[in-house]
Amino acid sequence: MSSESSLPETAGTVVVGAGCVGCSAAYHLAERGREDVVVLDQGPLFETGGSTSHAPGLVFQTTGSEFMTKLANYTQELYTDLGGYNRCGGIEVAYTPERWDYLKRKREYGRAWGLEGGELLSPEEVADEVPLVDPEVIHGGYYVPTDGRADGVVASERMAEHAREGGARFFGETEVVDLDVEDGSISAVVTDEGRIDCEEALICTNIWGPLFGDWADVDVPLTPCAHQYLVSEPLEELAGATEEVEQPILRHQDFSLYYRQHGDSYGIGSYDHDPLLVDPEDILAPEESERMPSIREFTAEHFYEPTHPDIDRSAADATAELLPALEGVEFDDAFNGMFSFTPDGMPIMGETEDVEGLWWALAVWVTQSGGVGSVMAEWMDEGVPKLDGERLDVSSAHLSRFQPHTGSRAFTKDRGGQQYQEVYQLIHPNEQPRNQRGLRRSPFYEQQKELGAEFVSSGGWEVPQWYEANESLLEEYDLDLPERSEWQKTGWSPIQAAEHRAVRDNVGIYDLSRYTGIEVAGPGAPAFVQRLFTNDMDTDVGQVRYAPMCDDTGGVLADMAVTRLAEDRFVLTTGGGSSSTLHTRWIREQAPEDGSVSIDAHVSDQCGLGVWGPKAREVLQPLAEEDLSAEEFGYFRAKEFYLDSIPVTALRVSYVGELGWELYAPSEYGGKLWDLVWEAGQDHGMIAFGNGAFLGSLRIEKGFRLWGTDVSPEYDPYEAGLGFAVDLDTDFIGKEALVDARETGVSRNLACMTLDDEGAIVDSGKPIVDGGGGSSEEALGYVAATDYGYSVGESIAYGYLPAEYVEPGVGVTIEYEGERYDATVREEPRYDPDREKVLG
């Protein structure tokens with residue numbers, strides 16, 4: 001054991017893993033005054049043998065994820081201050097016209113997320129920055145001056161130095177052999193040198209993460225992968241270099257390659273080969289490995305032969321074309337280095353639901369490592385994830401986003417392998433996974449297949465996006481649709497527009513089975529439900545109330561329809577996929593410990609149908625034992641009754657802005673429920689409609705919010721335009737923060753905009769700038785959600801803007817693929833502002 005003192009018997013927090021993530025967490029915990037932090041690693045400090053030790057350290061900050069981009073930006077700023085970062089700049093080149101269009105969009109992501117200085121370069125300008133590049137074979141490049149090379153080992157050392165000043169202790173060559181869990185809490189970290197009793201443990205072991213999960217009986221959906229890295233012999237073209245990295249780092253994503261300078265040599269990183277997956281149990285121990293545990297023997301066939309399933313050229317050939325100086329060179333070093341992928345390609349962060357005090361920060365690259373450590377420290381210390389003091393939406397990386405099936409090694413390896421395969425490819429957000437499909441099917445799946453459902457995967461559920469059976473509606477409506485680029489057509493069909501119109505004109509049926517009803521019951525339920533939600537929840541039995549659920553800082557964790565079915569029984573309806581697991585967990589964690597409340601999440605034992613449209617009452621009334629008239633069954637009311645022979649809970653609510661009901665029944669009745677409603681609807685023009693119309697155009701026309709898209713924990717209800725659902729005369733979690741927000745006023749608000757060119761279409765994640773400025777001005781905000789309103793004939797966009805810009809009539813400009821589209825802030829909703837349709 002290498003150590004500064006003997007291994008302690010107790011500690012407040014034990015961090016396992018002394019790579020850049022673990023050291024960042026320790027550094028930030030020490031910054032927050034945590035003095036009793038112990039950091040352990042099985043390898044020598046600080047070249048521990050994990051991914052940090054062999055990583056080339058390339059930091060390309062821009063991604064399509066604001067979350068990941070913010071983490072990367074924080075990382076480069078932190079490591080620059082610590083002397084572990086070289087801001088040499090980074091360039092991503094375009095080999096194809098499609099990639100060039102994508103780089104235009106990527107630059108706009110960078111502007112939207114707040115990165116400064118990003119610009120598009122001509123082929124010649126790329127070659128000026130990186131003379132090894134042949135400009136004749138590329139269309140251009142995207143350059144960010146603050147991209148660069150992080151030295152993970154140096155950064156770790158510097159962070160450890162600062163952490164030690166705050167009292168943290170670091171121990172290398174100390175192997176963790178078990179995690180002790182007692183009564184649902186972490187109690188100790190057991191090492192080969194002794195046991196450390198602790199209140200918290202943070203696991204930052206990356207490729208070894210699943211092994212730690214096994215000790216604590218926690219699923220860790222992560223698979224180690226190996227990719228190749230080579231360093232050339234000295235090149236004449238780089239002779240005389242005085243620094244290790246003098247030129248911008250480089251990415252050639254059309255062939256899954258990246259590059260960086262090593263003084264007078266050049267490094268090649270390649271994903272251009274078969275996914276080389278590794279079982280965590282097969283990773284060698286430090287004493288067994290030739291170099292380090294995370295490095296495996298170089299496999300030449302994966303470099304010199306085209307083995308990637310989607311790329312027809314080898315890494316060697318593609319490199320020689322882009323960088324002719326590297327054709328036929330020898331390599332002084334070559335290895336297969338391990339890192340890891342999760343099923344969705346995102347990190348794993350957060351505390352274990354069933355083991356208090358056991359935290360995780362895994363599947364993190366050097367690129368985001370400094371930022372992840374900061375978030376973990378604030379989260380562990382305050383209970384709310386933040387980055388540099390600002391609220392941060394971590395739902396896309398939260399440990400609890402995973403569904404039960406993701407715990408299997410088969411699923412994790414298949415999806416992790418696909419993430420590896422696609423890591424640099426042009427993948428549209430709407431493109432679907434190719435494997436592990438059909439895992440979760442609603443009771444209506446067979447009926448949906450018969451109607452030609454185009455299924456997408458959501459939390460393992462097969463969800464119809466649209467139905468081919470509705471193609472004939474295109475002729476009937478003779479729709480004049482805006483032109484879409486090939487990129488915008490991905491995962492979209494004009495049938496969605498026809499389904500939209502059919503619901504508005506007649507009636508549609510929609511599958512709600514993946515949406516989760518969380519039942520809260522017991523004598524303590526009324527007080528507990530009030531504490532959860534910002535609205536006044538002292539409602540009558542049979543009333544439905546819309547309400548945000550906030551964290552202690554006022555950030556919106558969810559927005560739900562809360563139905564009171566009895567004096568002591570409520571159902572909280574949330575979305576499907578990760579929202580159901582995240583929201584159910586939060587609610588359980590807030591529950592009183594006195595047993596006065598029971599919580600039951602109806603994930604699989606309940607199915608649901610939405611029936612909406614002007615003719616919804618005509619369809620359902622003949623089947624219902626209850627009077628469905630407006631007088632007897634008003635808007636935002638609920639009743640339990642029989643639909644024919646099927647017991648249903650009916651909520652008169654509508655996410656599409658039309659008359660209608662949500663019908664929930666036990667799953668075993670689902671098939672018959674669909675058949676009954678479908679048959680009754682045929683004389684009224686009923687169609688089945690999919691997610692595209694439901695979560696897109698229908699809800700956006702009506703101005704309804706979608707959690708995770710235009711509402712998230714980064715915003716409070718006032719900012720999100722949900723202040724109408726906040727009652728400060730009640731007591732709820734986050735009230736103090738919302739009182740402060742109302743008194744001080746908010747600096748930004750969610751604004752509804754329409755494009756002045758009614759035939760134009762933009763995408764989300766695009767920067768919004770002042771309507772009178774130039775292209776270099778700072779973005780005011782970005783498009784959070786957008787779609788075309790097929791009933792109102794407008795292209796609608798929502799985005800958060802400074803408060804002075806949200807007045808109706810204010811002009812702004814949206815940037816998209818190098819073009820500028822004027823837009824105007826509008827009153828919302830754009831459809832049926834007086835609610836005549838939904839109240840009918």
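Residues numbered from 1 in each chain as written. Predicted model: local features only at pLDDT ≥ 70, side-chain atom pairs only at ≥ 80, totals over all residues. Heavy atoms only, no water.

1. Examining the overall build of the protein chain
So the rule is basically this: Comment: elements are numbered from the N terminus, with helices defined as DSSP H or I runs of at least four residues and strands as E runs of at least two. For this measure, only C-alpha atoms enter the radius of gyration; the expected value for a globule follows 2.2 Å times N^0.38, where N is the number of residues. Residues count as neighbours in contact if any of their non-hydrogen atoms are within 4.5 Å of one another. Surface exposure here means Shrake-Rupley accessible area, sampled with a 1.4 Å probe, where a residue is shielded only by the protein chains that are shown.
Along its length, the protein chain carries 22 helices and 43 strands. For the protein chain, the C-alpha radius of gyration of 28 Å lies close to 28 Å, the compact-globule estimate for 840 residues. Over its C-alpha atoms, taken along the principal directions, the protein chain stretches across nearly 85 × 65 × 50 Å. Put simply, 73% of the contacts in the protein chain that link residues at least 6 apart link residues at least 24 apart. Accessible surface computed for the protein chain: about 31000 Å², of which carbon and sulfur atoms make up 42%.

2. What about the packing of aromatic side chains?
Filter applied, for reference: A pair of Phe, Tyr and Trp rings is counted when the ring centres sit within 6.5 Å of each other, with Trp represented by its six-membered ring. The angle between the planes then sorts it: under 30 degrees is stacked, over 60 is edge-to-face, the rest tilted. Counted as over-ring charges are cases with an Arg CZ or a Lys NZ within 6 Å of the ring centre that also lie within 35 degrees of the ring normal.
Summed over the entire model, instances satisfying the criterion amount to 38 aromatic pairs. Their ring planes at 85 degrees and their centres at 5.7 Å tell us that phenylalanine 303 and phenylalanine 331 sit as a pair that is edge-to-face. Of this pair, phenylalanine 303 sits in helix α8 (residues 301–304) while phenylalanine 331 sits in strand β20 (residues 331–341), and the two are 28 residues apart along the sequence. Cluster of aromatic residues (ring-pair linked, three or more members): Tyr229, Tyr258, Tyr271, Phe335, Phe339, Phe341, Trp365, Tyr420 and Tyr424. Sitting above the plane of the tryptophan 492 ring, arginine 484 keeps its charged end 4.1 Å from the centroid. Seen from the ring of tyrosine 109, lysine 766 lies directly overhead, with NZ or CZ sitting 3.9 Å from the centre.

3. Digging into the environment of proline 647
Applicable threshold: Only protein chains enter the accessibility calculation, which uses a 1.4 Å probe; a residue is then buried when its area is under 20% of its type maximum, exposed when over 50%, and partly exposed in between.
In this structure, proline 647 sits in strand β35 (residues 646–651). You can call proline 647 partly exposed: its relative accessible area is 26%. Sequence spacing of proline 647 and histidine 398 is 249 residues, and the spatial spacing of their C-alpha atoms is 36 Å. Discounting residues that sit within four places of it in the chain, proline 647 has contacts with Phe641, Tyr642, Tyr664, Ala665, Pro666 and Tyr669.

4. Thoughts on the pairing of strand β30 (residues 556–566)
In the case of a regular strand, side chains alternate between the two sheet surfaces. Rules: Should DSSP find at least two bridges between two strands, the strands are taken to pair.
Of all 11 residues making up β30, 10 are buried, and the element is well covered by its neighbours. As defined by bridge partners, strand β29 (residues 544–550) adjoins β30 across 7 bridges and the pair is classed as antiparallel. Bridge pairing links cysteine 550 to valine 556 in β30. Counting the residues in the hairpin turn of β29 and β30 gives 5 residues, including glycine 554, whose phi is positive at 90 degrees. Sheet analysis places β30 next to strand β31 (residues 569–574), joined by 5 bridges and oriented antiparallel. Each bridged residue has a counterpart across the sheet, and for arginine 564 the counterpart in β31 is phenylalanine 570. The loop that links β30 with its antiparallel partner β31 comprises 2 residues.

5. Topic: the sheet that holds β29
As a general point, the strands of a sheet are linked pairwise by backbone hydrogen bonds and lie either parallel or antiparallel. So the rule is basically this: Where helices are involved, their axes are fitted lines through C-alpha atoms of the stretch in contact, as for all axes, and angles between N-to-C directions lie from 0 to 180°.
Strand order in the open sheet formed by 5 strands is β29-β30-β31-β28-β32, with antiparallel pairing between adjacent strands. Looking at strand neighbours, the two that pair on one side only are β29 and β32 (598–602), the edges of this open sheet. Ignoring which end each strand starts from, the neighbouring axes of this sheet average 25 degrees apart.

6. Quick word on the side chain of serine 712
Position of serine 712 relative to the elements: it lies in the loop between α20 (691–702) and α21 (735–744). If near-sequence neighbours (up to four positions away) are discounted, serine 712 is found in contact with Asp393, Val556 and Trp707.

7. A closer look at a negative patch on the surface
Going by this rule: Patches draw on residues past 30% relative accessible area with no salt bridge. Two like charges within 9 Å are joined, as are two nonpolar side chains (Val, Leu, Ile, Met, Phe, Trp, Tyr) within 5 Å. Any Lys or Arg side-chain nitrogen located within 4 Å of an Asp or Glu carboxyl oxygen qualifies as a salt bridge. Asp and Glu are treated as the negative residues and Lys and Arg as the positive ones, with His and the ends of the chain left uncounted. Here the site of a charge means atom NZ of a Lys, CZ of an Arg, CG of an Asp or CD of a Glu.
Together, Glu77, Asp81, Glu116, Asp388, Glu390 and Glu778 make up a region of like negative charge exposed at the surface. With respect to the helices and strands, glutamate 390 occurs in strand β24 (residues 390–391).

8. Describing the sheet that holds strand β5 (residues 85–86)
What the 3 strands build is an open sheet, ordered β4-β9-β5; its pairing is antiparallel. The open sheet has two edge strands, β4 (58–59) and β5, and neither has a second partner. Taken together, the 2 bridges between β5 and strand β9 (residues 148–150) define a ladder with antiparallel strand orientation. Within β9, the position partnered with asparagine 86 by the bridge is arginine 149.

9. So, the side chain of asparagine 470
Along the chain, asparagine 470 turns up in the loop between β26 (461–467) and α13 (473–477). Discounting residues that sit within four places of it in the chain, asparagine 470 has contacts with Ile495, Ala498, Glu499, Ile687 and Ala688.

10. With respect to the pattern of salt bridges
A complete count under the given rule lists 49 salt bridges for this structure. A salt bridge links glutamate 714 to lysine 70; its shortest N-O distance comes to 3.5 Å. In this pair, glutamate 714 sits in the loop between α20 and α21 while lysine 70 sits in helix α3 (residues 66–82), placing the two residues 644 residues apart along the sequence. Here aspartate 214 makes a salt bridge to arginine 409, at a shortest N to O gap of 3.7 Å. Of this pair, aspartate 214 sits in helix α7 (residues 209–216) while arginine 409 sits in helix α11 (residues 409–421), and the two are 195 residues apart along the sequence. Taken together, the salt bridges that share partners define one network made up of Arg32, Arg34, Glu200, Glu378, Asp381, Glu382 and Lys386.

11. Describing the nonpolar core
Definition in use: Side-chain atoms within 4.5 Å link the members of a nonpolar core, which is a set of buried Ala, Val, Leu, Ile, Met, Phe, Trp, Tyr and Cys residues.
Grouped together as the largest cluster of nonpolar side chains are 48 residues, with contacts concentrated most on Phe67, Tyr79, Met159, Phe170 and Leu202. Counting only elements with at least two residues in this core, the list comes to α1 (20–31), β3 (37–40), α3, α6 (152–165), β22 (358–362) and α10 (366–382). In terms of residues, this core owes the most to one element, α1, which gives 8 residues. For leucine 202, the residues in contact, after removing those within four places along its chain, are Val14, Val15, Val16, Ala25, Trp359, Trp360, Ala361, Met376 and Met380. Within the second largest apolar cluster, 35 residues are counted, among which are Leu7, Ile186, Ala201 and Ala226.

12. Points about the environment of leucine 115
Within the secondary structure, leucine 115 sits in the loop between α4 (97–113) and β7 (119–121). Taking relative accessible area as the criterion, leucine 115 reaches 8% and is therefore assigned buried. Along the backbone, leucine 115 and threonine 63 are 52 residues apart, and their C-alpha atoms lie at a distance of 11 Å. Setting aside chain neighbours within four positions, we find leucine 115 in contact with Gln61, Thr62, Thr69, Asn73 and Gly110.

13. Section: helix α16 (residues 525–532)
Each α-helix winds once per 3.6 residues, and so residues spaced three or four apart point in a common direction. Those residues of α16 that fall on the buried side of the exposure criterion are Ala525, Phe528, Val529, Gln530 and Leu532. Elements in contact with the buried residues of α16: β28 (516–521), β29, β30, β31, α17 (578–590) and β32.

14. Structural notes on the environment of isoleucine 203
Structurally, the position occupied by isoleucine 203 is in strand β13 (residues 194–203). Since its relative accessible area comes to 0%, isoleucine 203 is described here as buried. As for isoleucine 203 and glutamate 499, which are separated by 296 residues in sequence, their C-alpha atoms are 48 Å apart. In contact with isoleucine 203, not counting residues within four places along its chain, are Val16, Leu179, Phe212, Leu358, Trp359, Trp360, Ala361 and Leu362.

15. Some details on the packing of α3 against α10
For the record, the criterion: When describing relative orientation, an angle under 35 degrees is termed roughly parallel and one over 145 degrees roughly antiparallel, while 65 to 115 degrees is termed roughly perpendicular and anything else oblique. Residues are grouped as follows: Ala, Val, Leu, Ile, Met, Phe, Trp, Tyr, Cys and Pro are nonpolar; Asp, Glu, Lys and Arg are charged; all remaining types, including Gly, are polar.
As a packed pair, α3 and α10 sit with axes 6 Å apart at the nearest point and diverge in direction by 90 degrees. Relative to α10, α3 is oriented roughly perpendicular. When α3 is examined against α10, the residues Met68, Leu71, Ala72, Tyr74, Thr75, Leu78 and Tyr79 are found in contact with a partner set consisting of Val366, Thr367, Gln368, Ser369, Gly370, Gly371, Val372, Ser374 and Val375. A breakdown of the residues in the contact of α3 with α10 according to their chemical character gives 9 nonpolar, 7 polar and no charged.

16. Concerning the packing of α1 against α3
In contact at an axis separation of 13 Å, α1 and α3 are set at 75 degrees when each is read in the N-to-C sense. Judged by the angle between their axes, α1 and α3 are roughly perpendicular. Contacts between α1 and α3 involve Cys20, Ser24, Tyr27 and His28 on the former and, on the latter, Tyr74, Leu78 and Tyr79. Classifying every residue of the contact of α1 with α3 by side-chain character gives 5 nonpolar, 2 polar and no charged.

17. A look at unusual backbone geometry
Leaving glycine out, the prevailing phi sign among residues is negative, and the prevailing peptide bond configuration is trans. For the peptide bond that leads from leucine 45 to phenylalanine 46, omega is 0 degrees, which places it in the cis range. Glutamate 828 connects to proline 829 through a cis peptide bond whose omega is 0 degrees. On the secondary structure map, proline 829 appears in the loop between β43 (819–826) and α22 (836–839). For aspartate 217, which is not a glycine, the phi torsion comes out positive at approximately 60 degrees. Note that aspartate 217 resides in the loop between α7 and β14 (223–232). Here aspartate 217 falls in the exposed class, since its relative accessible area comes to 73%.

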